[in-house]
Amino acid sequence: MSMEIFSLLLLLAAIALGFLRRMNTGLLSIAFALVLGHAAGIPDKAVIAGFNSSLFLILLGVTYLFSIAQLNGSLALLAEKVVALTGRRTALVPVVIYLFSTVLSALGPGTVPTIAIMMVFSMTLAAEMKISPVMLAALVVLGSSGGGISPLAATGIIAKNLCEQIGILDVEKIFLLNGVLSMTVYAAVVYIVLGGWKLRSEHTISLAELPAFNRNQKITLAGISVMVVLVMFFHFNVGLTSFFVAAVLSFLRVADEAEALKKVPWGTLLLIGGVSVLMNLIIKLGGIELLAETLASIMTPSTSTAIMGITAGCMSWCSSSSGVVMPTLIPAIPDLFAKLGGFNEIEMATAVSMISHCAGISPLSTGGGLALAAYSASAKVFGNDLQKLFVQLFAVSACGVFFLSFLAWLGLFRWLL
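Residues numbered from 1 in each chain as written. Predicted model: local features only at pLDDT ≥ 70, side-chain atom pairs only at ≥ 80, totals over all residues. Heavy atoms only, no water.

1. Points about the pattern of salt bridges
Next, step 1: Using the criterion set out here, one finds four salt bridges in the structure.
Next, step 2: The partner of Lys160 in a salt bridge is Glu164, and the shortest N-O contact between them spans 2.7 Å. Here Lys160 and its partner Glu164 are both found in helix α9 (residues 154-165), four residues apart, which amounts to about one turn of the helix.
Next, step 3: Relative accessible area serves as the criterion here: at 27%, Lys160 is assigned to the partly exposed category.
Next, step 4: Lys262 serves as the salt-bridge partner of Glu259, at 3.3 Å between the closest nitrogen and oxygen. (Salt bridge = Lys/Arg side-chain N within 4 Å of Asp/Glu carboxyl O. Helix = DSSP H or I, 4+ residues; strand = E, 2+ residues; numbered from the N terminus. Buried < 20%, exposed > 50% of the residue type's maximum accessible area, 1.4 Å probe, protein only.)

This is the structure we're talking about:
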């Protein structure tokens, strides 16, 4: 067996075991990197060099800062106050949920933390206001995913890093615009098809019923605002700036530092870092080139982006979009371009990123899984009703993958290039 095939089989094994045995694919990837490195005669030092310490530090800084904000309730209360502005205009609630998820995610928390913040709140609203939980769950995932491709957020940082490694530069703006556009298109479809425009409810949230921001929450929101200004307008490094702001917030005791560190998504960081170690070896051994050749054999220049989108979506149903799907497929783009031509590399990279994240509505993924658990607890849904919700969430996820892939074939991700 050639080393190219062996390397891809190890990646497949890491993904499969991570899904089937609920193990961290990143930790498995590091373990398999040792096996692959020794089988290929690559020194351990070279294997370890595949760990992207710069990316890890950036992600740690951003997630730590927003762990503080999540811990003291500042972001959750801000979300409630924003939704309360709709008053009795219930049909606007899903729209506000989507817009706020997009903006919040773009400002730094990123896709998964924003989903975690918004999903429990949204599923509680769905139960109390008799709004479709499938619609609100989908809008939270889509909004968080579209905003999460921002250069301030984890997914955007990962995408930028992956693109720079293959020679695609200055992608931040087009990634964010394409991400928000694609997610908004499908969000609009979900809103219309699931009847968001005709919602009526007697239950409303009043601003007067909500508490005022306390001292710690005000300081936290001010700190986040400072981080955004420094990064967006003065081009500070987002990771280092997040550490600086987090240090000030910890000094001011706005949240328990030890508890904030516990809330950092260490599993996700290890997933991303671990997969990068294995992927570095796979690239060195020609595995990605082999993957590109296999995909190219079923593609034409006109169908390449759509097929990559479907591939990304299907992979995302059983693995992490940012941690596995993007690091696997984006590095294959230059080889595909060399063999096929006829497509834009940024277009394909954004299609892979956004369609894989759209698949996150599935209950097999983080977003859909959180929705299922939160709505079950809020609405006391069990048995057949819970199974029905599972099927509906997966159906909306699958429709999104194929719908956006079809639009990719029509040139959706080319409109803003």
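2. Quick look at helix α20 (residues 366-379)
Next, step 1: An ideal rise of 1.5 Å per residue puts 20 Å on 14 residues; α20 measures up with 20 Å between its terminal C-alpha atoms.
Next, step 2: Of all the residues in α20, the buried ones are Gly367, Gly368, Ala371, Leu372, Ala374, Tyr375 and Ser376.
Next, step 3: The inward-facing, buried residues of α20 abut α7 (111-129), α8 (133-148) and α21 (383-410).
Next, step 4: Two residues or fewer past α20, Lys380 is found with a positive phi of approximately 55 degrees. (Expected span 1.5 Å × (residues − 1). Contact = heavy atoms within 4.5 Å.)

3. Digging into the environment of Ala40
Next, step 1: Among the secondary structure elements, Ala40 is positioned in the loop between α2 (25-39) and α3 (44-48).
Next, step 2: Taking the C-alpha atoms as reference points, Ala40 and Ile355, 315 residues apart in sequence, are found 34 Å from one another.
Next, step 3: In contact with Ala40, not counting residues within four places along its chain, are Met3 and Leu285.

4. Let's talk about the packing of aromatic side chains
Next, step 1: By the definition in use, this model includes five aromatic pairs.
Next, step 2: An angle of 50 degrees between the planes, with centres 5.5 Å apart, marks the rings of Phe51 and Phe56 as tilted.
Next, step 3: You can call Phe51 partly exposed: its relative accessible area is 30%.
Next, step 4: Taking 5.0 Å as the distance between ring centres and 45 degrees as the angle between the ring planes, the aromatic pair formed by Trp317 and Phe394 counts as tilted. Remark: Phe394 occurs in helix α21 and Trp317 occurs in the loop between α16 (304-316) and α17 (321-329); sequence separation between them is 77 residues.
Next, step 5: Relative accessible area serves as the criterion here: at 13%, Trp317 is assigned to the buried category.
Next, step 6: The positively charged end of Lys81 is found above the aromatic ring belonging to Phe213, 5.3 Å away from the centroid. (Phe/Tyr/Trp six-rings, centres within 6.5 Å; stacked < 30°, edge-to-face > 60°. Lys NZ or Arg CZ within 6 Å of the ring centre and 35° of its normal.)

5. Focus: the state of the cysteines
Next, step 1: Considering all chains together, one arrives at zero disulfides under this definition.
Next, step 2: We note that Cys399 lacks a disulfide partner, and the nearest cysteine sulfur, in Cys358, lies 9.5 Å from it.
Next, step 3: On the basis of relative accessibility, which here comes to 48%, the residue Cys399 falls in the partly exposed class. (Disulfide = S-S within 2.5 Å.)

6. A few points about the side chain of Ser322
Next, step 1: By the element assignment, Ser322 lies in helix α17.
Next, step 2: Its relative accessible area of 12% is what places Ser322 among the buried residues.
Next, step 3: Engagement of the side chain of Ser322 in a polar contact is seen with the side chain of Thr155, the distance being 3.4 Å.
Next, step 4: Excluding residues within four positions of it along the chain, Ser322 makes contact with Thr155, Ile158, Pro327 and His357. (Polar contact = N/O pair within 3.5 Å; in protein donor to acceptor, adjacent residues only side chain to side chain.)

7. With respect to the packing of helix α5 (residues 74-84) against α7
Next, step 1: Viewed as axis vectors pointing N to C, α5 and α7 meet at an angle of 40 degrees, and their least axial separation amounts to 10 Å. It follows that α5 is oblique to α7 by the angle criterion. Handedness of the α5/α7 crossing: right-handed. Residue-level inspection shows Leu75, Ala76, Ala79, Glu80 and Val83 of α5 in contact with α7, the latter providing Ile117, Met118, Phe121 and Leu125. (Axes fitted to C-alpha atoms, helices over the stretch in contact; angles between N-to-C directions. Parallel < 35°, antiparallel > 145°, perpendicular 65-115°, else oblique. Left-handed = near helix turned anticlockwise from the far one by under 90°.)

8. Some words on the packing of helix α4 (residues 53-71) against helix α11 (residues 215-234)
Next, step 1: One can describe the packing of α4 onto α11 by two numbers: an axis separation of 10 Å at closest approach and a directional angle of 155 degrees. Of the possible angle classes, the one that applies to α4 and α11 is roughly antiparallel. Where α4 crosses over α11, the handedness of that crossing is left-handed. Facing Leu65, Phe66 and Ala69 of α4, the residues of α11 in contact are Thr220, Ile224 and Met227.
Next, step 2: Along the lines of polarity and charge, the residues of the contact of α4 with α11 split into five nonpolar, one polar and no charged. (Nonpolar A, V, L, I, M, F, W, Y, C, P; charged D, E, K, R; others polar.)

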